[in-house]
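Below, each chain spelled out in residue letters.
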Amino acid sequence: MNWLQALILGIVQGASEYLPISSSGHLEIFRTLLGVDLPTDETLQFDIMVHAATVCSTLVILWPMFKRLATGFFSMKRNADSIYVWKVLFSCIPVGIVGVFFKDKVEEIFGQGLILVGICLCITALLLTFAYMSGYDRRTRRPVPADKGRDISWLDAFIIGCAQAVAVLPGLSRSGSTIATGIILGDKRDKVATFSFIMVIIPILGEALLDLAKMLKPGAAEASGSISAMAMIIGFVSAFVVGCAACKWMIALVKKGKLIWFAAYCLIMGVICIIFH
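Residues numbered from 1 in each chain as written. Predicted model: local features only at pLDDT ≥ 70, side-chain atom pairs only at ≥ 80, totals over all residues. Heavy atoms only, no water.

Chemist: Give a description of the packing of helix α10 (residues 174-185) against helix α11 (residues 189-199) that names residues and reports values.
Modeler: Remark: α10 packs on α11, axes separated minimally by 9 Å, with the N-to-C direction vectors making an angle of 140 degrees. α10 and α11 meet at a crossing whose hand is right-handed. Taken together, the residues of α11 that come into contact with α10 (itself represented by Arg174, Ser175, Thr178, Ile179, Gly182 and Ile183) are Arg189, Val192, Ala193, Ser196, Phe197 and Met199. Each residue belonging to the contact of α10 with α11 can be placed in one class, and the counts come to six nonpolar, four polar and two charged. (Axes fitted to C-alpha atoms, helices over the stretch in contact; angles between N-to-C directions. Helix = DSSP H or I, 4+ residues; strand = E, 2+ residues; numbered from the N terminus. Left-handed = near helix turned anticlockwise from the far one by under 90°. Contact = heavy atoms within 4.5 Å. Nonpolar A, V, L, I, M, F, W, Y, C, P; charged D, E, K, R; others polar.)

Right, here's the structure in full:
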């Protein structure tokens, strides 16, 4: 992988992590278009690196909220902020189970070509369509106001977490699945988007730390020489910069209920992937 390929893939990750179009699916698509052919373990290393970059984007954009939540949680007192953090942790249980017990199975799925990506993009399109329909007021012919609905309950948090766990499949958008699930459950759109971006921090950073530990083992550097350190850095920086812009934009779009356009995009891209796989 050269620096230009890393730059393009970083930009793709930065944009598609927050937009409900599947970052893993689009990374797979653009790897195919760019002719990037890496061993599965090195592909996952790069993907984890650029995913970690977008997590950093989340921290930057949502820093005031993140700081408030951390302060409330570590105060060791029962308050709205500490309860919110516990709900986030609770939502991470499903993806944690997948990561611990099915990691090898998930890794086998990646690199299987675009047919699976296409199918999962079509599923993402259906989810976004259902979310749009459930949040659409037919009387006013407008989306239901973003602050209408209920706060995220413990059960909602777990169900949204299950959606995140299933969204490890390439082409099944994590943000799209979690946000759509929350909206379908009847949660407030302005709360669901933020919860979706906060809940991914723990599993992505955890995976990044585990991957970093593997790369630091003796002999790891010799075993993986297809991706240079410069390519990794360029991929990280480009994903971070684009991710900052995409995060702010996506929160605004969810509040306005504009997800139906992404459903159309995912359907078109899914069909193209299936036809030309």
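Once the structure has been displayed, the description carries forward.
Chemist: Can you explain the nonpolar core? Please cite residues and give values.
Modeler: Formed by 45 residues in total, the largest nonpolar core has its most connected members in Ile179, Phe195, Met250 and Leu259. Setting aside its immediate chain neighbours within four residues, Ile179 contacts Val192, Ala193, Ser196, Met250, Val254 and Leu259. Grouped together as the second largest cluster of nonpolar side chains are 14 residues, Leu9, Val12, Val50 and Ala231 included. (Core = buried A, V, L, I, M, F, W, Y, C linked by side-chain atoms within 4.5 Å. Buried < 20%, exposed > 50% of the residue type's maximum accessible area, 1.4 Å probe, protein only.)

Chemist: Quick one: what's the story with the state of the cysteines, residue by residue and with numbers?
Modeler: In a disulfide, the sulfur atoms of two cysteines are held together by a covalent bond. Enumeration according to the criterion identifies zero disulfides in this entry. Cysteine Cys244 is unpaired, with the sulfur of Cys247 as its nearest cysteine sulfur at 7.8 Å. We classify Cys244 as buried; its relative accessible area is 14%. Cysteine Cys273 shares no disulfide, and the gap to the nearest cysteine sulfur, in Cys122, comes to 8.6 Å. (Disulfide = S-S within 2.5 Å.)

Chemist: So what about the packing of aromatic side chains? Which residues, and what values?
Modeler: For the coordinates displayed, the defined rule picks out seven aromatic pairs. Taken together, a centroid distance of 5.4 Å and an interplanar angle of 35 degrees make the contact between Phe90 and Phe158 tilted. With Phe90 in helix α5 (residues 80-91) and Phe158 in helix α9 (residues 154-166), this residue pair connects regions lying 68 residues apart in the sequence. By the ring-pair criterion, three or more aromatic residues cluster together here, those being Phe73, Phe74 and Trp86. (Phe/Tyr/Trp six-rings, centres within 6.5 Å; stacked < 30°, edge-to-face > 60°.)

Chemist: Provide a residue-level description of the packing of helix α6 (residues 93-101) against α9, including the pertinent values.
Modeler: In contact at an axis separation of 7 Å, α6 and α9 are set at 30 degrees when each is read in the N-to-C sense. Contact with α6, carried on its side by Pro94, Val95 and Val98, involves Phe158, Gly161, Cys162, Gln164 and Ala165 of α9 and no other residues of that element.

Chemist: Break down unusual backbone geometry for me, citing the residues and quoting the values.
Modeler: Despite not being glycine, Ser22 has its phi angle at roughly 75 degrees, a positive value. Structurally, the position occupied by Ser22 is in the loop between α1 (3-16) and α2 (23-34). Located in the positive-phi region is Met76, a residue other than glycine, with phi close to 60 degrees. Note on placement: Met76 falls in the loop between α4 (63-74) and α5. You can call Met76 exposed: its relative accessible area is 73%.

Chemist: An account of helix α8 (residues 114-134) is requested, with residue identities and associated values reported.
Modeler: Under the 1.5 Å per step criterion, the end-to-end length of α8 is 30 Å for 21 residues, consistent within 8% with the ideal 30 Å. Looking at the buried residues of α8, the elements they touch are α2, α10 and α15 (260-275). (Expected span 1.5 Å × (residues − 1).)

Chemist: Describe the environment of Phe195, listing the residues and the values that go with them.
Modeler: Among the secondary structure elements, Phe195 is positioned in helix α11. Taking the C-alpha atoms as reference, Phe195 lies 9.5 Å from Ile160; in sequence the two are 35 residues apart. Setting aside residues no more than four positions away along its own chain, Phe195 makes contact with Tyr84, Lys87, Val88, Ser91, Ile152, Ala157 and Ile160.

Chemist: Summarise the environment of Ala239; cite the residues concerned and give the values.
Modeler: Relative to the helices and strands, Ala239 is located in helix α14 (residues 229-256). Accessibility expressed as a relative area gives 0% for Ala239, which makes it buried. Separated by 223 residues in the primary sequence, Ala239 and Ser16 have C-alpha atoms spaced 9.7 Å apart. Not counting residues within four places of it along the chain, the set of residues in contact with Ala239 comprises Gly10, Gln13, Gly14, Val50, Ala53, Thr54 and Ser57.

Chemist: Got a sec to walk through the pattern of salt bridges? Specific residues and values, please.
Modeler: Under the defined criterion, the tally for this structure stands at seven salt bridges. The closest approach of N and O atoms between Arg31 and Glu28, which form a salt bridge, is 3.4 Å. Of this pair, Arg31 and Glu28 both sit in helix α2, separated by three residues, roughly a single helical turn. On the basis of relative accessibility, which here comes to 5%, the residue Arg31 falls in the buried class. Relative accessible area serves as the criterion here: at 11%, Glu28 is assigned to the buried category. (Salt bridge = Lys/Arg side-chain N within 4 Å of Asp/Glu carboxyl O.)

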